[in-house]
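Close look at the chain arrangement
So the chains spell out like this:
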Amino acid sequence: MPVIAPMPAPRPTRMPGQREGADEAMASGTTVDHLTETYRAHYRSLLGLAALLLDDTASCEDVVQEAFIRVHSARKRVRDPEKTLAYLRQTVVNLSRSALRRRILGLKLLSKPMPDMASAEEGAYDQLERDALIKAMRGLQRRQREVLVLRYFADMTEAQVAETLGISLGSVKAYGSRGIAALRVAMEAPA
């Protein structure tokens, strides 16, 4: 059987005006040996950088390992070996950001568990309390009712309530405190 020998790789042609040293720098890039030495010397510091950005050790180790893999894959593009560490640091930061974004997205997408169902008695009791509260609210003065509804049910600040109703902040506080006092009396009174 004949043996087929591989064809020799073509030598890159130099462009006119291109320096010879630039070819060597472009071809060499960051060597595997340099990357191995960088790993030995700076793995712990890169792990510490990831730990400042992430909260668990496993994620930090994953990020640092992925950063070294990416730098290894792109070592021909890192022409200056002195910039390898800076490139690694930036990669660790970017990968940490991505990990945090994925976590946040995962938390948003998690379905919220169903609350425990209340018994029929609890539901009936809650309905009675709501009915009593609505009846007591109807017994308040118009401004007191408006202030309490905007402040506690619409969750507005006192300043927002004052702006909405066109009254002063002091009036909002006064109507609110008087309204709450009137509600206490109405809710404690026997029906």
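Residues numbered from 1 in each chain as written. Predicted model: local features only at pLDDT ≥ 70, side-chain atom pairs only at ≥ 80, totals over all residues. Heavy atoms only, no water.

Okay, the pattern of salt bridges next. Tallying each qualifying case throughout the model produces 5 salt bridges. Close ionic contact of Arg 40 with Glu 37 constitutes a salt bridge, the shortest N to O distance being 3.0 Å. Linking Arg 40 with Glu 37, this pair stays in helix 2 (residues 32-53), spanning 3 residues, or about one helical turn. Using a relative accessible area of 61% as the deciding quantity, one classes Arg 40 as exposed. With a shortest N-O distance of 3.4 Å, Glu 146 and Arg 143 are connected by a salt bridge. Within this pair, Glu 146 and its partner Arg 143 are both found in helix 6 (residues 142-153), separated by 3 residues, close to a single helical turn. By sharing partners, the salt bridges in this structure join Arg 142, Arg 143 and Glu 146 into a single network. (Salt bridge = Lys/Arg side-chain N within 4 Å of Asp/Glu carboxyl O. Helix = DSSP H or I, 4+ residues; strand = E, 2+ residues; numbered from the N terminus. Buried < 20%, exposed > 50% of the residue type's maximum accessible area, 1.4 Å probe, protein only.)

The next subject is the side chain of Ser 59. Along the chain, Ser 59 turns up in helix 3 (residues 57-73). With relative accessibility at 18%, the residue Ser 59 sits in the buried group. In terms of polar contacts, Ser 59 uses its side chain to reach the side chain of Arg 103, at 2.8 Å. (Polar contact = N/O pair within 3.5 Å; in protein donor to acceptor, adjacent residues only side chain to side chain.)

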